[in-house]
2 protein chains.
Amino acid sequence: MAKNKYVYLFSEGNAKMKNLLGGKGANLAEMTNIGLPVPQGFTVSTEACCRYYSDGKILADDIVKQIMDGLSKMEKITGKKFGDKTNPLLVSVRSGARVSMPGMMDTILNLGLNSEVVEGLAELTNNPRFAYDSYRRFIQMFSDVALGLDKSNFEKIIDKMKEEKGVKLDTELDANDLKEMVKRFKALFKKEMKYEFPEDPKMQLLEAVKAVFRSWDNPRAVYYRRVNEIPSSWGTAVNIQSMVFGNMGEQSGTGVAFTRDPATGEKKLYGEYLMNAQGEDVVAGIRTPQPISHLKEQNEDLYNQFVSIANKLEKHYRDMQDMEFTIENGKLYMLQTRNGKRTAKAALKIAVDLVKEGMLSEKDALLKLEPKQLDALLHPQFDAEALKKAKPIGKALPASPGAASGVVAFTAERAIELHKEGKKVVLVRLETSPEDIEGMAASEGILTARGGRTSHAAVVARGMGTACVAGCQELVVDEEAKKFKLDGKTFKEGDAISIDGSTGFIYGEAVKTVPASISGDFGTIMNWADKYRVLQVRTNADTPNDAKTAFNFGAEGIGLCRTEHMFFDADRIPAVREMIVSKTVEERKRALKKLLPMQKKDFIGLYKAMQGKPVTIRFLDPPLHEFLPHEDSEIKALAKEMGLTFEELKETVEGLKEVNPMMGHRGLRLAVTYPEIAEMQTRAVIEAAIKVKEEGKFDVVPEIMIPLTCDSKEFNFVRDIVARVADEIIASKGINLTYKIGTMIEIPRAALTADEIAKTAQFFSFGTNDLTQMTYGFSRDDAGKFLDIYYERKIFENDPFARLDQNGVGKLIKIASDLGKSTRKDIKLGICGEHGGDPSSVEFCHNIGLTYVSCSPFRVPIARLAAAQANIKNPRK
Amino acid sequence: MAKNKYVYLFSEGNAKMKNLLGGKGANLAEMTNIGLPVPQGFTVSTEACCRYYSDGKILADDIVKQIMDGLSKMEKITGKKFGDKTNPLLVSVRSGARVSMPGMMDTILNLGLNSEVVEGLAELTNNPRFAYDSYRRFIQMFSDVALGLDKSNFEKIIDKMKEEKGVKLDTELDANDLKEMVKRFKALFKKEMKYEFPEDPKMQLLEAVKAVFRSWDNPRAVYYRRVNEIPSSWGTAVNIQSMVFGNMGEQSGTGVAFTRDPATGEKKLYGEYLMNAQGEDVVAGIRTPQPISHLKEQNEDLYNQFVSIANKLEKHYRDMQDMEFTIENGKLYMLQTRNGKRTAKAALKIAVDLVKEGMLSEKDALLKLEPKQLDALLHPQFDAEALKKAKPIGKALPASPGAASGVVAFTAERAIELHKEGKKVVLVRLETSPEDIEGMAASEGILTARGGRTSHAAVVARGMGTACVAGCQELVVDEEAKKFKLDGKTFKEGDAISIDGSTGFIYGEAVKTVPASISGDFGTIMNWADKYRVLQVRTNADTPNDAKTAFNFGAEGIGLCRTEHMFFDADRIPAVREMIVSKTVEERKRALKKLLPMQKKDFIGLYKAMQGKPVTIRFLDPPLHEFLPHEDSEIKALAKEMGLTFEELKETVEGLKEVNPMMGHRGLRLAVTYPEIAEMQTRAVIEAAIKVKEEGKFDVVPEIMIPLTCDSKEFNFVRDIVARVADEIIASKGINLTYKIGTMIEIPRAALTADEIAKTAQFFSFGTNDLTQMTYGFSRDDAGKFLDIYYERKIFENDPFARLDQNGVGKLIKIASDLGKSTRKDIKLGICGEHGGDPSSVEFCHNIGLTYVSCSPFRVPIARLAAAQANIKNPRK
C-alpha cells in the first residue's frame, strides 16, 4: 500500500480541501495563502481519523511519524522549540470536521508545558502569573479531555483555594497562588490516576490528537450528526497550531466577530472582544466583553487592520464570515474564519444583498441557503424577550414546527368548545386518532405522550401547519381526570402551557408568540428558485383551507388529497359507519349516496382553491375499522345510535380486526371488494369538476389516484370501474372534460412490475411512507421501540421515514420510474410521502427525473428552493 | 392486421399444435395423419377463443366465415351435407384445452338435426327410434348448454312419460314415444324461452361454438384452473367432428380404454365398452359396461384391430394412452386419444417400464412425471375399499397431505394424554398456536376452523408430515365444552373422525388407513433424478426426527432449522419467559444460560441425524410476545408461577404488543437489542459441533443464519457478535472447526442491497414467505379475507404464497442473486420458504442459478424430481 499523506502544513492546504482538512484546517490554510496573520501549524487529516478507527482506535506509526515531522517544520517556521525551556513552542489542539459541529468535540490549549517549560515561560514573558495560569489551565483541560479525569475535580480545588484566600474571582489569585494550584492539581492527578501527570510534551501531543479523534464518537457528537445528517464516516481533522496569548496583559485580548449581523443580516461588523483574556474567559461571562466597535476607540490602527481583514475575507469567501482573533502584545492574529451561522431572516437578506453587491450570482446565492431553515419563517415563533424569561418543563420530539401557547384541553370536543369561546388551545393527549381531526384543527398546538415523527398527531399537525411536540415519555396524562403531570407539576384543563414544535420544548406557562413574518427578500429568493428549477412542487392538502395556504406558498397543484380525512367529520361519519355495517350491496349504495353530495362539495372547494391547477385525489385508503369505535362502551353507544344490537356491531368491529392492518384490507383492496365505493368517489370527483367548469370558473383536470396497487390486473379492475362511471357521467352531461387515472406506487411489487402497470396508469405517485415500511419491513407504529437502539449502535444514522433511503427505497423508485417510462414515455411521476418536503429527498427526486414532489403546505417553499438547488447542481437535460 | 387462420381441418394439424388446437384437436389431427379411422372434422383454435373474449364475447365475422368454410370442406370429405334431409351431416361440438380439464367444459352431440332432418335420418337409417332418440338428446343438450335452459326441465318430462307408459328405462320407450317427447320438449322450450327451438343448423353450430367458449369461464372451470395453475389466457379450442353413432343397434357401441392399467401401471389393455349406446349411457351407469377383453369374444377382428391401434398409439406417443372409440354398424372409429391420467404408483411403474422397453430415455421418462403426484406415495392413505363406504361430512382446505383417522381431542394437552394411552388422535381446534406443537406432534391429523394454507397449523403440519385440513368455516368448535358441530352432527372428545389432508374431506367416523408404500420404481426414479439435477435439495427441519425423515428422503442438508420451535417445549418455556421479563442484561444472561444446554443438545441431535451434511440454523425470529400468554387468567397463573405480580407481567405483555407484529421487533432486530441471545445461540451451535467432532462422529460445518436483515450494517453488527463468540470458543478448545455466517433475504431492502450484504454474508437463503408478504404488502394472516374475491374477479390466478410470484418476488430474488454474486462470486444461494417444495418454483430457482432449495421433509423427493426436470429442460452450464 502506498504511504498516504496524513499531515499538511497550513501552507500546503487551501479552502477547497475541506473534506480532507476539515473546515477549520482548510480555512486556516486559505488565510495563510492569502497572506493574513495566522499562527502557523499543521492539520492531521480526516483520513487519519478514519484510519484511527479502522485500525481499532490506534494511531498508526506512520501517522505518528508524520505528526513529528510536522512539528519539526513548525519549529522551523516559528523559530521556537517544542518542550524547550528557553524558547518554548506551545500549541493548541483543536478538532475540525468537514462541517462545523460547534461545541461537539474537544479542544486543548497551551499544550507543550511541563514543570520545566513553565519556568522558562515565566522568565521569557517576565510574567509568572501568566505562565502558571496557562499551565494550570492546561493540566485541567488535558486531564479532562485526553485522560478522562473529570474537570470538576479541579474546580473543587480552585474553589477551595479562593475560599482560603478570601477572594471571589480567579483573576484575584496571584502567581504564587497559581503555582500552589499547579502543585495541588498534580497531587490530585496522581491520587486519582495512580501515576504522575505527563511531563513529555510529545506524548502529550499524541494523546491530545487521539482524544480529538475519540471525541468524534462521543454521544453528543453522534446525536448531533444524526440530527444534522452527517455521516460518521467523514471523521474529524485535528489542527495543531502555534499558541498566541490574549491573556498576556492589557495589550493582549481575544474576540469573535461577524462581517454582517447574524440575526438581521444587516451589513455591519458585529461582534465582541475582551482584553487580557483567553477564549474560555469570554465564554465564562464573568467579565463583560466589549462590542467590536469599541476597539476603534481603544486602538484605531488595530481596528482598521481587522476591518480590512474582515472585508477581504468576506470578498474572498463571498459569504458572511464568522471570525475568531487574538491580540498578543498589540499584534493581531486570525485564529479562524468560517461562513457564519445566521437566522433564516438574515440568510435571505444576506443572499439577496450579496447578489445586489455583485458578489454572488443568483444561482450561487440560492446554493448558499439551507432550505430547511425557511421553515422558521413560515410558522409563529415565540417572542424572543418573552422566551428568555420562560423555563422549559420538558422536551420531546419536535414533530411539527412553530410555537403555540394556549389553555390545555384533553379532548377534541373540549378543544372545539374552548376555541369557540375565543380561547387559544393546546390539545394534550396520550396520542391522537383520526376522530380528533376537528379538535386538532381548532388547536394552536398539540402535545402527545406517545408516538414519533410519523405518528398520527405529527403527520396531521404538519399537514395543518399546527405546532406539535410528540412522544413526551415523561408526560403522565390522565384523560379521564383531565389533568397531566410533568416535571413534578400538575396541570388541569384550562391551565396555560406553551410548546415549541421546532425545538420540542414544553413550557408550563403562557409565552407570547409572534406571527410568521415573510420579508420581501423571501419573495425575491422564491422567484429566483422558480426560475432555476424544473421539478414541480405540489402539495398534500385535504381541505380548501390547506389548499389555499399551499397555493399562497406557491404550490402548483395538489399531489395528494386523502379523501378519508373527509370521512371523519361529525356530519359524515354516521353515513360512513352505515356503509361499513351494510350487509348487502344495496344497503351500502344507499349509505354511499348520502356521502356523495358531501364529497362533491369538498372537491368543488379544492378545485376552486387551486384555481384550475391539477388536483390529485386518492381514493379511500385506510382499513375500515378505523372508522369504528373499539371500546365496548363506545360500541354500545354507537349501536344504540345506529339502531343495531351491541352484538351486531361488536361482530362487525371484531370481523374487521386484523393481525397486521398495515398489510391488510385497505387501499384499492377495498375498491376491489366494494366497487360501489370507487363508483361513488368517481362520481363526486367528476361531477364536481363539471360543476366548476359549468360555472365558468376553471377547467379542472382531476387526477384520480388508486392507492396500494400491487399488480396491473388489480389496478385495471379498479381503473375500469372508474373510467366507466366517469365516461358515463361525462357523456350524459354532454360536456368536454379530461381526467386522468393513475396509481400510488407504495408496494414493492408495484415498483417491480411498473412496466405492466404503466400500460394503463397515466401517472405514478410514489407513496414513500408505505414504500419505506414495506421495503424495510418496518411498521412505523412499532419501529420506534427498536430504532433508538439502531441509532445508538450506529447501525442507522438517519430516520428512513424522515430522509428517503436512496440505497434501498430509492432504488425501487428508480426501477419503477425507468420501467414506467419504458412503457409510457410521458408518464407523470411524483412523490407524495413525508419525504416530498425533505431537501435531500427532493434532490434525489430531481436527479432521477420525477415530474413533481408533493409535500405539506408549509414545506412548499422549502421544496421549491431545494428543487432549484438540485437543478443548479445537476441541470436536467 | 393480417387475417389470422382460426380454423384447421384435422388433416392440417398435428400433435405438436396443442397450444393452438387444444389437446383433443391436436391428437385428432395426429391420428388422422397416421392413418387411423377418425371421423373427420375441424378445430376452431384457442386463438379464436381468446379473440372471442377480447372482442367482448362476440364471434367475429372472419371467424364465422372460416367455420362455414370448414363446414363446406367437411361436407366434401364426408360426402354428407349439413342440414340436408336425404344425407345429413351431423356433428359433435366438443371443447379441448391445451391440457385436459375433464368434465369442466361443455359438449353437444348430434348437432345438425331439426324437424326435417330427423325425418330423413329415420328414413336413411331405417331406424326412427334411433333418429328421434338422437333428436331429443340434442334438444336437451343444446338447450341446456347453448341457451341456458336447465336440463332438469327436460328430465321431468322424461320421468312423466315413463310414468304414463308404465316403464322404468328410457330404452323401453319406442319411436312414437320419443317423437311425442320431442314435441313436448319443443313446447317446453317455447314456453320457457318465448321463441321456437332453433331449426337452422348453422345457427345451432355457431351458438354451440360460443357456448363452448363461454364454458371456458364457468365457475368450475375457473376453479379447476386455479387449483391446477392453468392460465385463463390459454383459452379452449372447439372440435367439430362428424358424428358416428354407437346407438345404431347391436352392431354399434362405444367404449373407453387405457393401454396400461392406470391404477397399477401394469402393461395390459384396460377399459370397458357398451354396445348400442352413446357415451353418456356409459356414464349414466344404468347398464353395466363389459370389460374390454370381452370384445375379443364378441368380435375378434374388431378387438384385434383395436389392440393394434392401441399399440400403435402408445408407441407413437411413447406414453400410456387413454382412448375413446365408437363402433358404428361394425366399423371402429377413434374419437380421442390422450396421455392417460394415472395414480402416482402407476406413473412410476409406467415410466420405469417404458425405459426398460426402450421407448423412452431416462430423461424423457423423468419429464413425463408430475412431481406433485409423488406426494401421494409419501403419506398414509385411506384404504380404497373403506373409503368407498365413508361419506364426507365436510370439506375444507387440504393443508397438509395424508389421511388420518383417530379420536377427537380439543387441546394439545389432551392429545398428548390420549396419545400416551396408545390412541390415535385427531386434534380439532379453532386454530393452533406455537404452544400446541407437542400436541400436534402427538396427533395423526389436525383439523382447524380458521386459517389458510400458510396458517400456523398448516405450516407446522406440513413440516411434520402430519395430515391437516384447515379453515373449515362450517366447523363450529366449542373448545370449552369440548365439542364441535359439523353437518348437523355434534362430536365430543373421544369420538372417532377422519380427515384427508390431500383432498380436504372430513369424515364423521373412523376410516381405515394404509401406510405409505414406496415401491422399487420409486427408488429407480429418484436415482435418475439425482443423476440429472444440479440444484441441491435440503430440508426444513427443527427436530432430529424430522431431520431423519428428510435424510431418508434424500435431503442433502438442513436449509432451515427454526430455533424458536425448540423454545416452546414445556421444559424450556419457563426459561424463555424468564429471559423475556428480565430487566437487566445480567438477568437475561442468567435465563439464557438455562437454555444453553438444551439448545446444544438439540443441535447435537440434528448434526447426528444429518450425518455430517450441512446444517443451517436460523437464530431466534418471532416477536417475543409469542412466548407469553395474552388472556388475563393465563397471565395471572403464569405470574404466580414466576413469582411476579399480575401487574408486572401484564405490563410486560402489554409492552410487547405491536400494531403490525409482522413488521415489528423480531428477527435480528432482537439480536441487535439483546446481543446476549445471539451469543447464547452461537455458543450452542459451536459447542454442539465441537462435541460431535470430538466424538469422532462427523465433521459438521454449521451454517448460522441471521433472519430478517434489511441492511448490511445491521447484519454486520450481529455477524460480528456471532463471529467473536464462535472464534473464542474454537480458540479455547484448540480445535479446527469451520462455520459459516449468512442471512435470510426476506425483506425487499435486503434484496436491493444484497451486494453490500454479500461483502460479509457467506450465504443467502431466500425466505420467500416473508418476502412475498413484504413485496405484495400482504399479511398472510389477513389476506385470506380479500384474496378469495381476487380469485373470483380473476385478478389473481394463483396463491402467491403457494406458487412463487416470478414477476415480482422472483424479480427481487434475481436482483439479489445477481448483486450477491457480483460481490462474492461463490456465494451459496438457497431458498427456504414454503415455495421450496413447489415444482414450478423449484424450476425457477434452478433457472436463476440458486445452489439449493430447502423444503419440508415430505417434499424432498418432489423437489429432487422437479430439480432434475428443470435441468433437463434448461441444462445449467
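Conventions we followed
Residues numbered from 1 in each chain as written. Chains lettered and ligands numbered in written order. Predicted model: local features only at pLDDT ≥ 70, side-chain atom pairs only at ≥ 80, totals over all residues. Heavy atoms only, no water. Helix = DSSP H or I, 4+ residues; strand = E, 2+ residues; numbered from the N terminus. Rg over C-alpha atoms; globule rule 2.2 N^0.38 Å. Buried < 20%, exposed > 50% of the residue type's maximum accessible area, 1.4 Å probe, protein only. Contact = heavy atoms within 4.5 Å. Lys, Arg positive; Asp, Glu negative; His and termini not counted. Charge placed at Lys NZ, Arg CZ, Asp CG, Glu CD. Least-squares fit on C-alpha atoms with pLDDT ≥ 70 in both. Buried area = accessible area lost by both parts, 1.4 Å probe. Salt bridge = Lys/Arg side-chain N within 4 Å of Asp/Glu carboxyl O. Polar contact = N/O pair within 3.5 Å; in protein donor to acceptor, adjacent residues only side chain to side chain. Pairing = 2+ DSSP bridges. Axes fitted to C-alpha atoms, helices over the stretch in contact; angles between N-to-C directions. Core = buried A, V, L, I, M, F, W, Y, C linked by side-chain atoms within 4.5 Å. pLDDT = per-residue confidence, 0-100. Expected span 1.5 Å × (residues − 1). Arc of directions from axis to C-beta.

Draft legend 1. Examining the overall build of chain A more closely. Within chain A, the regular secondary structure consists of 35 helices and 33 strands. In summary, chain A has a C-alpha radius of gyration of 32 Å against a globular reference of 29 Å for 877 residues, a match within 12%. Counting all 877 residues of chain A, 58% fall into the buried class. Looking at chain A alone, contacts between residues at least 24 apart form 69% of all its contacts between residues at least 6 apart. Positive and negative side-chain charges in chain A, numbering 124 and 122 respectively, have mean positions lying 3 Å apart.

Draft legend 2. Fine view of the relation of the copies chain B and chain A. Overlaying chain B on chain A yields an RMSD of 0.1 Å, the required transformation being a rotation through 180° with an accompanying axial translation of 0.0 Å. This pairing of chains is accounted for by a two-fold axis. Within chain B, N660 of chain B has its C-alpha nearest the rotation axis, a separation of 2.2 Å. When you check the interface residues of chain B against chain A, 100% turn up at the interface there too, and the contact is symmetric in its surfaces.

Draft legend 3. Representation of the interface of chain B and chain A in the model. In this assembly, 50 residues from chain B lie in contact with 51 residues from chain A. The largest share of the area that chain B buries against chain A comes from M663, R749 and L752 of chain B, three residues that together contribute 15% of it. The interface formed by chain B and chain A contains four salt bridges. Salt-bridge contacts for K713 of chain A lead to E797 of chain B; the nearest nitrogen and oxygen are separated by 3.5 Å. At the surface where chain B touches chain A, the tally comes to 31 residue pairs in polar contact (both at pLDDT 80 or more).

Draft legend 4. Examining the pattern of salt bridges more closely. This model, assessed by the stated rule, comprises 132 salt bridges over all chains. When the shortest N-O distance is used, the salt bridge between R683 of chain A and E687 of chain A registers 3.0 Å. You can see R683 of chain A and its partner E687 of chain A sitting in helix 27 (residues 675-694), four residues apart, about one turn around the helix. Judged by relative accessible area, which is 31%, R683 of chain A ranks as partly exposed. Across the salt bridge formed by E564 of chain B and R618 of chain B, the nearest N and O atoms sit 2.7 Å from each other.

Draft legend 5. Highlighting the side chain of D521 of chain B. Residues and elements named next belong to chain B. Mapped onto the elements of the fold, D521 is located in helix 19 (residues 520-532). Salt bridges are absent for the buried D521, whose nearest opposite-charge side chain, K349, sits at 5.2 Å. The residues touching D521, leaving out its near neighbours within four places in the chain, are L348, K349 and V352.

Draft legend 6. Fine view of the sheet that holds strand 27 (residues 558-562) of chain A. Residues and elements named next belong to chain A. Reading around the barrel, the eight strands line up as 26-27-28-29-30-31-32-33 and close back on themselves, with parallel pairing between neighbours. Direction aside, neighbouring strands of the sheet carry axes that sit 25° apart on average. Across four bridges, strand 31 (residues 763-766) lies against strand 32 (residues 828-831) in parallel orientation. Bridge pairing links F764 to L829 in strand 32.

Draft legend 7. Seen up close, the nonpolar core. Formed by 297 residues in total, the largest nonpolar core has its most connected members in F603 and Y607 of chain A together with F603 and Y607 of chain B. When near neighbours in sequence (up to four residues on either side) are disregarded, Y607 of chain A contacts G612, V615, I617, V685, A688, A689, V692, F698, V700 and P702 of chain A. Listed in part, the 65 residues of the second largest apolar core include L90, M181, V182 and L206 of chain B.

Draft legend 8. Broad picture of the environment of H316 of chain A. All names here are of chain A. The residue H316 is located in helix 12 (residues 300-317) in this model. Remark: the alpha-carbon pair of H316 and M359, spanning 43 residues in sequence, is separated by 9.5 Å. Ignoring any residue separated from it by four or fewer positions in sequence, one finds H316 in contact with E30 and I34.

Draft legend 9. Spotlight on the side chain of Q321 of chain A. Residue and element names in this part refer to chain A. Within the secondary structure layout, Q321 lies in strand 11 (residues 321-328). Looking at Q321, the relative accessible area reads 0%, which means it is buried. At 2.8 Å, the side chain of Q321 forms a polar contact with the side chain of T337. Polar contacts involving the side chain of Q321 include one to the main-chain amide nitrogen of R338, which spans 3.5 Å. Q321 has contacts with A257, F258, T259, L313, E314, T337, R338, N339 and G340, leaving out every residue within four places of it along the chain.

Draft legend 10. Unusual backbone geometry, seen in detail. With a phi close to 55°, N126 of chain A is a non-glycine residue in the positive phi region. Among the secondary structure elements, N126 of chain A is positioned in the loop between helix 4 (115-125) and helix 5 (128-145). Classification of N126 of chain A as exposed rests on a relative accessible area of 68%. Look at K482 of chain B: it is not a glycine, yet its phi comes out positive at around 55°.

Draft legend 11. Main features of the sheet that holds strand 9 (residues 270-275) of chain B. All names here are of chain B. Taken together, five strands build an open sheet; the order of strands is 10-9-8-11-12 and the sheet is antiparallel. Looking at strand neighbours, the two that pair on one side only are strand 10 (290-291) and strand 12 (331-339), the edges of this open sheet. In this structure, strand 11 (residues 321-328) lies alongside strand 12, joined through eight bridges in antiparallel fashion. Each residue of the ladder has a partner; that of I327, found in strand 12, is L332. The strands that helix 12 (residues 300-317) touches are strand 8 (253-258), strand 11 and strand 12; relative to strand 12, the one it contacts most, it runs at about 25°.

Draft legend 12. Geometry of the confidence of the model for chain A. Model confidence for chain A is summarised by a mean pLDDT of 92, while 98% of its residues fall at 70 or above. Scored by ipTM, the complex comes to 0.80, with pTM at 0.81.

Draft legend 13. Region of the structure containing helix 6 (residues 152-165) of chain A. All names here are of chain A. Compared with the 20 Å implied by 1.5 Å per residue over 14 residues, the 20 Å span of helix 6 between its first and last C-alpha is a close match. When we look at burial in helix 6, the residues that qualify are F154, I157, I158, M161 and K162. For helix 6, the arc enclosing every buried residue in end-on projection is 135°, short of the 170-degree limit, so these residues lie on one face. Exposed and facing more than 90 degrees away from the buried side of helix 6 are K156, K160 and E163. Of the surrounding secondary structure, the elements contacted by the buried residues of helix 6 are helix 5 and helix 7 (175-193). Taken from the residues just after helix 6, G166 is the one with a positive phi, measuring 70°.

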